[in-house]
Structures are given as C-alpha cells and as structure tokens.
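Summary of the model geometry
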Amino acid sequence: ATLFSCWLGWATIFAIALSVNGLSKRDMFDYGEQAGDQLLEQGTDQTQKLLLNQSMFFFDGTYDTVYINTNGFLSVEEPQVESEYLGKMPASFRMIAVFLGDLDNSDGVGKVYYRQDSRPSMLLRTTDHINQAFPQDDEIKPTHALIITWENVAAHGVPGRGDGLDRKRNTFQLVVASMASASYAILFYPREGLQYISTPVAGQSELVHTGFIKGRVKGWFNWSSIPGPYYRIATDNETSVRQLSEETNSGRRGVWVYEIGTSPIFYSIIPGQVTNLSPEEGMPSYPEPDQPSYPEPDQPRYPEPDQPRYPEPDQPRYPEPDQPRYPEPDQPRYPEPVQPSYLEPVQSAQPQPPRYDPQTPQVVVVDEDDDLDVDVFAYNSETCASNRQKCSSFADCKDYTNGYCCQCRPGFYGNGKDCVAEGKPQRMNGKVNGRVFVGNTPSPLELSNNDLHSYVVANDGRAYVAISTIPAGLGPSLQPLSSLGGVIGWAFALEQPGYENGFSIIGGVFSRQAEVTFLPGNERLTIKQEFKGIDEHDHLVVSTELEGRLPEVPRGSTVQIDPYKEIYQYGSNLITSSSNRDYTVSLPDGSVQTKAYQWRQTITYQSCPNDEEVRAVQSTQQLSVDQIFVMYDSGNQLIRYAMSNKIGSIHSGPPEQNPCFTGRHGCDTNAACRPGEGVQFTCECSTGFTGDGRQCYEVDRPIDHCQRGTNNCDIPERARCSYTGASAYICSCLSGFVGDGYTCRDIEECEQGRCHRDAVCYNSQGSFTCQCRPGFHGDGFQCTPGSPEHEKTQCERDRESIQVSSNTGSFSFFRPRPAVSQYGPTCDQHGAYEPTQCHGSIGQCWCVDGNGQEIPNTRTGPGQRPLCIDRGVIPPPIGPTTRPDVSPVAPGTHLLFAQSGKIEQIPLDGYSMNKGEAKALLHLPDRVAIAVAYDCVEKTVYWTDITGPSISKASLEGGDTISLVTTDLESPEGLAIDHLARLMFWTDSMKDRIEVAKLDGSQRRVLFDTDLVNPRPIVADPSYGRLYWADWNRDGPKIEMSNMDGTDRTVLVKDDLGLPNGLTYDPESQQLCWADAGTRKVQCMDPNSRNRRTIVEGIQYPFAIVSHGRNLYYTDWRREAVVAVDRTTDRETDEFLPQKRSRVYGIATTPTQCPQAYNYCSNNGGCSHLCLPRRGGFTCRCPDVVDGSCVERKL
C-alpha cells in the first residue's frame, strides 16, 4: 500500500508537470452532465443515432443525421458491426475517426458524452480555434456545434486487476462546428488523456486510426465501388500517433483543426495552417452566454475557384519569402503538413491548366429582339412625397420637373430602387424551370423549381453558382453553360477605372434573354431570366427558364472552359452582348474533344426617365472572364460554376497593377478596396461594418431615438415619434391635438358643437365626452326625453326565473345545469354571462359561451376551476371612439398583446419594456381578440376574434383592418404564421381541429380533426417546416408536433402538464417553451433531444407566451400583466401593468428583420394550390374546397 501510494503521488506530480506544457483536459470544451450532455449507452460497440439541429457538411455531402460510436468515431452513415472495420481500414462508410480502436466503457468508469450547442460562448470558442488555425480566413462564423467527448475509455480485451483502477484509459474530444456553407472538425488530444495508442484486434495489437474516411465510391465505369479518399491525421507509426498530443496544426499543442466539407464547391479536406506553437498555450477568456459579442452566422465561406487541383510538377508548392504578398491564382491556399492517403486509381486524363490565346475582341452589333417579353418596374410622374417608400432604404428620393428618381447614397451603389453597400458580398437565389433535350433524345428532361443559389465576392469579382436536383441525364451536358448563372458575375464584376458593372448601372430589376448556338451540331438553347430585385434578406431574386437542345456530354466527362472576353453595348434601357466561347471535353476513355458555341444576349431594363442629370455611362464595355471552374456532382445532383469577372475597356493596354483592380488586395470580404497612387491602396469596411478594412465586424444598428426616448417630440400623451431609419425620426401630433409634433395643443371639440343640443360637452386632453342633461337619456350624441328603462339581459332573465321558481316551489330547466338541486347563472356587471359558471352544491365548474351554453369538455371537479375565456365584450365608451384601424408604428421591436376590445403595443429597448411608450395599437370595439401573430415580411399583425368569430389582419404601416376568415369558425384561439411559405395555421377549441390557409384566408384545409379536445396555442418553425401545438384537455393535456403538411404527428410532452396555455418557439436556440397555468411553471425543451428544463416556478395564471432573444414574455390573467423572464438567469425581471386593467390574452413580437431562414415553399414550390413544407421537402395539397385544377404531389 505504501509503495502504491508513493507511486500514485509521483505519477500525479509527473502528470501536473506534463500538463504545464501540453493540452490538459481542462482546456477541452466543457463536458459532462453539468454541461447538459447526454450519455451514450455503456458497452463495447454501442451506437447512438442523433438528428442534427443544423446540417453538417462532410466531404461533398450534406447530412442531417450522425452516428456516435463507442469505438472513437463519428459517422454520417449507419456503421457496420465492428468486425467489418476494425483492422480493415479504411472503412466502407463515411466517418471521422477521432481515435478509432476497439474501445470499452462497459465498466462504468469510462463514459461517452455528446450534445448539440448553439450558445454564443460555445460558438465564440469554436471561432477562436478555427481562426487561429486558418489566420487568412475571416468568414468563419459557426452557428452550430456538436461536441462529443470520450472520457476514460479503456481498450477492450486488455486484462486487468478486476477493479478497473489499473486499466489504462484515454480521454479525447471532437467538436464539429458548422455554418451556412462549411463544417470544421476540432480534435482535442490532452497529453494526460492518451495512455495507450493501440488496442487488441483479432489477437493482434492494432494501432488506432485517426482521420477522415469517405468510404466506398463508384468506380470509373460505375461497374463496382472502390475505396474513396482517406485523409489520415496520424500514420501507421507509433511515433506519429504519440505526437497527436505533442504537435498541432492550429498553434495549440494537442489541438487539430480541419475544414471537412464545403458547399457549393468542395475540393478536399483542408488542415489548419499553423504548425508552430503559439507563445501562449492557455485558452482566452470568453464572455458569458448572454453577451451578444459573437459573429453573425450568415456569412458563408467559399473555397477559391482559381486553384488547380493538380499543380504542375515544376511549380513551387509554397511561395518563397521574396514572392509578392498576394499569391498568384495557381498557388494552393493551404500547406498540407500531412498528405492524405488516397486509394483511388490515378486518373488517366487530368484536367490541364486553362489555355488562353489572346484575341482582339470584335464589337458585334446585335439587333433588338422585338418579341422579348419584358416585365420590369416603371417609374411614374408622381413626387417623392407619395413614392419615397419605393426607393431603397439606402437611397434618397429626388424630385424633378416630370417626376421623381431614386439615387443611392454615398457608400452604396445601384439604380436607387435597389442599392447595396460597396464591397459587400452579394447573394442570389431563385428557381429554374424548363424543358431541355439532350443530344438526339426525342423526349425532353423537365426542370421544375430547381433551386439556384449564387454568391459573389464583390471586391474581387469572384462568383459562385450552384443549381440543385439536376438529373444525371442532364447534368454533364450543362457543364459548358457557365453563363447560366454567370450573369451575377457581370452584375457584380470587379470594376476597372472609369467603368461600371451591371448592378451599378441598372440595379437588380431587369430581364435577360440569351440565345446559345452550339457548334458544329447547331443545337440551340434559349435562356430567359427575370431578375426581381433585392428581397428582405438582401438577396437578389431571379427566375430562370430553359428551352431547347444541348449537345450531349457523356457521363463521367469533365469540361474545361477557356477564358473569354465579351463585349457589352449600352443603349437606352437596352444592353446587348455576344461572344464565341471554346471549351474542351475530357471523356472517361482519356480522349479530349474541343468544341465551341456562340452566345448572344439581350438585357432590358427601365431607367428613371425623369433624371435631368445626364449620367455618363460607357457605351461599350468589355467583360473579361477567367479562372472558370465547372463541375457536375452526380452524388448530390448539383451543377457548380465558378469564375472571376472584370469589367473594363475594350481597348488593349497595359494591365492594371493596383491590387484594387486585380482583386489581389487582401481586404475583408465586407470591405471596399480604395485605389491610391501606383500600387497603393486602402481597405475600407462596408457600411454597417467597422474595422481596419482587413478585418471588418458588424457594428451596432443606428440609434432609434423614438425607442430610447432621446427625441425632442412633445410628450407621448400629445405626440407620436416615428423612426425613419438611420438615426432620424419625425414628430406628429396625436388625434385630438394640433401642432408641429414638437409642440401640440388640445383641440377644443366642445366649441365645434359635436354633442346633442340637449347634452353637456366636457372637454378633456385629446378627446371629449357628451352627457345628456337631466330629464333626457342617451349617449350624448342623441338624447331623448324621459328616463332610460334598463332592458334585462338573457343572463339576468335566466337568473331571475330561477329565483322566482325557487320562491314558488316550481322547477325551471336551464341549460347548462347539474343533475341535482337548482342552478342559477352568474352575470357580470354588464349583465353578460360570466365565462366560468359553478354549481356550489356539487362543486363543479364549467365554461360557457356568450349565450350561456356549456362548452364541452370544460367541466371540472371539486376544488378546480377551468380556464375560461371571457366571451363578453366591453360596451363602447360614451363620446368619440377611435376608428378600428392602425396608425403607423415606429420601427423597432415591439410587444403586441390583446385585451378585450383592443391590441396594445409596448416598445422594447433591448430586452427592457419601454412602459412609458406603451399605447393602444388597434381599437376593436365590441370584439375580443385572443391570439396575436405577426408577419415580418409585410409588417402585418394578425389576430383571432371569438365574438365574430373571425381571423383578421392590419398593417403596422397604417390602414384599415381586413377580415380574412369569417365562416365555419367557432372559437379560434391559436394562430401561427409561416412568413416563408406565406401560410397561417389556427386552432379552433370548439370545433376541435387545426386548419391551414394562405395568408389571405384562401385555400383552407383541415390538417387535424381527430384526437383533439381543447387545442389552443400553436406555433410554427418555418425553417424546418414544423408545427407545435398544445391541448389543455384536463383528462390528458399534451404538447404535439408535426410537419406542416400534416405528416409525422408526434406527442412531444404528456407528463407533468396541467393547463399548457402558452407556447412559443425560438429558432435561434431551437427551444420550445410553454407556460402552464396548472403546474404554474414556465418550461423549455429541445424538440430533438427532448431535454426539458424549468425556467421559473410559482407563477400565477399564464395565458400566452412569446420568445425574444434571451427573454420570454408571458401574459398573466390573475396579475393582468405582461411579465418578462430571463432564460439565462431563470428569473422574472420586469412587469407591465396596462392602464386599463383587464384580462390579457395573446402576445407576439414585431422583429425588425425576418429571421435568416429558407424552406421549400418560399415561392410556393411550383404547387398549383397549397405548398406545405416539411422537414427536407414539401407536399402540394389541395384545399378542402377544390376547383378541379388542383394537383397533389410530394417532393
């Protein structure tokens, strides 16, 4: 025992000494149950399937499901049994081998933890590791992390003493960080965590494997499969494996970082570049999760298209120190300290570097096509006063003699209708349709709403295009057609001195028609494209149609397009161009064919006819396109194009040397390059970003002085402050006041004779009241002689009849009533039925409608009261009432909540409720609004009304209310909006069903009408096409989910529920939260992992709830208040009490921008009627009332 203690003490000291200079377990990402991890089942070959909250890119594929295995690996396919891959590497399925061997955690000491994490603090840590490994890249902004930790796992089959204490154990970790276009693997090998480097396999000691395995791939002639690439981190050498904890490619000992997958173009696994150790081995400090100092997730990183994959043998692989700062295009971006082991056979015909034979371009006159159908916006002769909103938010409106024009502000470019920040990358999204014949085939191949995505780095002219779901019979033959999406290259081409790209001249709304004639076969193809401007996500939107025939390019062939020059001629609202393009086809048998085609295109647009300032535009410009990359990815059915574009003079001359015009400047992708003398230049961050130009960070949004209360308008009781963008605002007097908005005075309505002649007028601030004189009765606007005679209500008559029958000994039957004794209804102060009726003698309570009729399935037992909605309405006030419309709401995020007769708004200052600025948004006399929802695209509020009943909407930018659904409703109490697919969903708690319709109320369809008792709240997750709803059925409350097309209906929660009234979904954290009036708790759950936690307990009587950032806001019936809850601290932080106290119902937020998201029904998916999203696709459905032309299909 003494010797063992002495040995243990020295071992501990030795471990501490080692950890000083190496990676420690403490330096890994947090793990364990305290970090929210889940545990893999114990065993020797256990696998856990995990559905990812965000897609992961691996090699050239995209995956939503992964598999975690005991044996030290993560796979994207269901793994085989261990006997099929242990000792037989590389495996036949795709995997990340972190420390692959025959491992064991069945003794209870070893554990395998895993979790998904999108907290800002975790994402910031992943960003730090990746940025240190790739210091040249500044677009690394992960939005999701998968963390897997193998702790104290032993080698299986190694004998020990029996208590497990003498077994050697390893600890290591894998973090997969993903963003919109790439995924990275971060591997941690702590020095004290690696105690063995081999495991017994089939009686032999086998070194562990580390690396990235693509698995089996198709052979050259698709006759059989062959092993795909296997990128190894450590080799079959003990020293190499031991160096995992000693060396690095990220600047930190024991930490290894790799780019493992990209989209739309993938070349190979790329290792980190920093193989020397940083001076500081410690990890930096990170902010708490609630600090918003983390990068935005919407900036994808794209690989360079201009790097040849197979460099010539005599080319230097790495730049020498005396070479220029900006490497030539044919130099690879990253050094590779460990070369991947590729097991594929050597290709017989490798692509050659691009050939370029300089030619003198010719100016070709192209006639205008009279048949071209143009659909573009048109200016009219109105003034800026009524048309300012038609200009871009980054443009000024200017009046001229014949009308107005829009002009982009300094720092932006475009035509004024569409403006983008100088230097900012631009994206393009759209759909492709059409019929294309290939070769001599008699039948065309159909394209139906195929997705087109493009990305261009504006400050160097590089453009990338990808079109999805291209069948194998068409994909190879589309490779020569790089300009199918290359128009965005012209639109945002790198401008040479004195020349402008397409977007600078005509903006984002134009029509393009191109005619392609292939030689020598004379096949013809027509391309028609409609560019529809910049959408709310700052993406250029395009629709494309293809019609004609292509020469066949055999499957397995590659295409090389030579650099070319294209002449553009600019006229009045017309641009024409033409060119001849050469390309070579490398066939699978090794032969090469050289072909060409003629290109002729016409672009039409509408300039502003009122502009009196003649804009100097070069009548002829030349587009130079080189570094062209084309590829058809048959595995993912993707056609990819990439190219570099410059716009300049048609005359030859010495090439520009300034890096701003060559594109080799090193400025941030969110920066503009400003040329100086000679080769001097500066980098200037784009509008909305700050930094030194080499690194730019998004800045805070401009100050909303209206929201902050720092404006100089008159007091809120007399004036309204309206935010107009940037840091500007305007002041205007409220109704009932007059003035300039800075000083407002009350209007004396009583001097205008507004009341009846037999009434007295009482003036008040901003309003007045009328009251009939003694001896008259009425509302003050109409007065009648005599005393008013109160007419009893139905409730009062029923109550009186019960009392009379009790006194006379007779019996009166009144529905609802219990089976015993007598029951008398309870009436409120206005004589209406109280929503909750109780019978004291039997201890039962139930809900009634406005006629006093019992609502089914609401009766409770002794000691309980049901949650009943007050279906009565507050009588209209005496005097003038507000019209049921909306005055324009100041920009910024607001809370909207419903009370009987109105919808109110509370501005949010960050997460704090600006109570002093709270006011009524919408007056709804004689109505009870219940559910409230918001459409961020059209800035419109939607609500349900149970007195109509109906579903209505009103624009926050001002205007009247519009009724959308008014028939076949009884009690619509829940409402959800899908802003992408333009759909609304609602629950009806009396009809017991869930319905869907277009946002205009058309094309209604019942999704569910079974197994529902009291459905109330419903929320949508447009990104994944999911619906969530709650049913407060007292015999079995539950929370359910399904796809928006009604498939995959599942019960999420059924235990520990009482009255789940409020429900909200936060797409950023992917948390579903609810407020329960029965358990008096607010709880949240990840719908994928089903992890559930309590946020607050002991609340009163919540009705509805909504999420905004780190806060939850819920309405409470008992407190008659809106309550704020901080999810990060699990406590209530604020409370708002409306001026008029009454029950508060539904609640929603008005975000300033729509969440960055996409689903398959963004453009109705090509459906004839309803396009209903689901996870990974969509379904075309018919409404319940069909017109005969509806087609249902599932895609």
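Because the structure is predicted, anything quoted here is derived from the model rather than measured. (Residues numbered from 1 in each chain as written. Predicted model: local features only at pLDDT ≥ 70, side-chain atom pairs only at ≥ 80, totals over all residues. Heavy atoms only, no water.)

**Some remarks on the overall build of the protein**
Of the regular secondary structure elements, the protein holds 10 helices and 77 strands. Across the 1195 residues that make up the protein, the buried fraction comes to 53%. Intrachain contacts of the protein at a sequence separation of at least 6 include 56% that bridge at least 24 residues. When the accessible area of the protein is evaluated, it comes to approximately 52,700 Å², of which 47% is carbon and sulfur surface. (Helix = DSSP H or I, 4+ residues; strand = E, 2+ residues; numbered from the N terminus. Buried < 20%, exposed > 50% of the residue type's maximum accessible area, 1.4 Å probe, protein only. Contact = heavy atoms within 4.5 Å. Areas by Shrake-Rupley, 256 points an atom, 1.4 Å probe, with all protein chains shown as cover.)

**Considerations on the UniProt feature "domain: EGF-like" (unreviewed entry) in the protein**
UniProt's entry tags residues 656–697, 702–745 and 746–782 with the feature "domain: EGF-like" (unreviewed entry), counted in the numbering of this structure. Taken end to end, residues 746–782 comprises 0% helix and 43% strand; its first and last C-alpha atoms sit 25 Å apart. (UniProt positions renumbered as here; feature names shortened; annotations may be inferred.)

**Quick notes on the sheet that holds strand β65 (residues 1050–1053)**
In space, the four strands of this open sheet follow the order β62-β63-β64-β65, with antiparallel pairing throughout. Since the sheet does not close on itself, it has two edges, and those belong to β62 (1015–1021) and β65, each with one partner. Adjacent strand axes in the sheet meet at a mean angle of 30°, parallel and antiparallel pairs treated alike. Both strand β63 (residues 1026–1031) and strand β64 (residues 1038–1043) contribute to a ladder of six bridges, which runs antiparallel. Residue Arg1026 lies in a different strand from β64, and its bridge partner there is Asn1043. (Pairing = 2+ DSSP bridges. Axes fitted to C-alpha atoms, helices over the stretch in contact; angles between N-to-C directions.)

**Side note on the nonpolar core**
Counting 61 residues, the largest nonpolar core has Leu481, Trp490, Phe492, Ile527 and Tyr641 as the members making the most contacts within it. Residue contacts for Tyr641: discarding those within four places in its chain leaves Ile265, Ala463, Tyr464, Val465, Leu478, Gln479, Leu481, Ser482, Leu484, Phe629 and Val630. Leu146, Leu174, Val241 and Ile269 belong to the second-largest nonpolar core, a separate cluster that totals 44 residues. (Core = buried A, V, L, I, M, F, W, Y, C linked by side-chain atoms within 4.5 Å.)

**Details of the state of the cysteines**
Here the structure, examined in full by the defined rule, presents 15 disulfides. With its sulfur 2.2 Å from that of its partner, Cys772 forms a disulfide with Cys783. Taking the torsion about the S-S bond as the criterion, the Cys772 to Cys783 disulfide, at about -90°, is left-handed. Note that Cys772 is positioned in strand β45 (residues 767–772) and Cys783 in strand β47 (residues 783–785), a separation of 11 residues in sequence. For Cys772, a relative accessible area of 13% corresponds to the buried category. Each sulfur of the disulfide joining Cys1182 and Cys1190 lies 2.0 Å from the other. Between Cys1182 and Cys1190, the S-S dihedral sits near -105°, and the bridge is therefore left-handed. Accessibility expressed as a relative area gives 9% for Cys1182, which makes it buried. (Disulfide = S-S within 2.5 Å.)

**Observations regarding the pairing of strand β37 (residues 681–685)**
Looking along a regular strand, one sees the side chains alternate between the two faces of the sheet. Only one face of β37 is covered, namely the one carrying Phe681, Cys683 and Cys685; the face carrying Thr682 and Glu684 has none of its residues buried. The pairing of strand β36 (residues 671–675) with β37 spans five bridges and is classified as antiparallel. Paired with Cys673 across the two strands is Cys683, which belongs to β37. Hairpin connection, β36 to β37: the antiparallel pair is bridged by five residues, and Gly678 has positive phi, about 60°.

**Some details on the packing of aromatic side chains**
A full pass over the atoms with the stated rule returns 31 aromatic pairs. With centroids separated by 5.9 Å and ring planes inclined at 50°, the aromatic side chains of Tyr583 and Tyr597 adopt a geometry described as tilted. Of this pair, Tyr583 sits in strand β32 (residues 574–586) while Tyr597 sits in strand β33 (residues 592–604), placing them 14 residues apart in sequence. Accessibility assignment for this pair places Tyr583 and Tyr597 in one class, buried. Aromatic pair Phe897 and Phe1136: ring centres 6.1 Å apart, planes at 65°, arrangement edge-to-face. Of the two residues, Phe897 is situated in strand β51 (residues 894–909) and Phe1136 in strand β73 (residues 1131–1136); the sequence distance between them amounts to 239 residues. The residues Phe897 and Phe1136 share a single accessibility class, namely buried. Three or more aromatic residues joined by ring pairs make a cluster, and in this case those are Phe99, Trp150, Phe172, Tyr189 and Tyr196. In this structure, Arg581 is placed above the aromatic ring of Trp599, and the distance from its NZ or CZ to the ring centre is 4.5 Å. One cation-aromatic arrangement involves Arg1143 over Trp1117; the distance from NZ or CZ to the ring centre is 3.9 Å. (Phe/Tyr/Trp six-rings, centres within 6.5 Å; stacked < 30°, edge-to-face > 60°. Lys NZ or Arg CZ within 6 Å of the ring centre and 35° of its normal.)

**Topic: the side chain of Gln479**
Topologically, Gln479 is positioned in the loop between α5 (475–478) and α6 (483–491). Residue class for Gln479 comes out buried when judged on its relative accessible area of 2%. Within the structure, Gln479 has its side chain in polar contact with the backbone oxygen of Ser557 (distance 3.3 Å). Leave out the neighbours within four places in its chain, and Gln479 touches Val553, Ser557, Thr558, Val559, Ile561, Val630, Met631, Tyr632, Ile639 and Tyr641. (Polar contact = N/O pair within 3.5 Å; in protein donor to acceptor, adjacent residues only side chain to side chain.)

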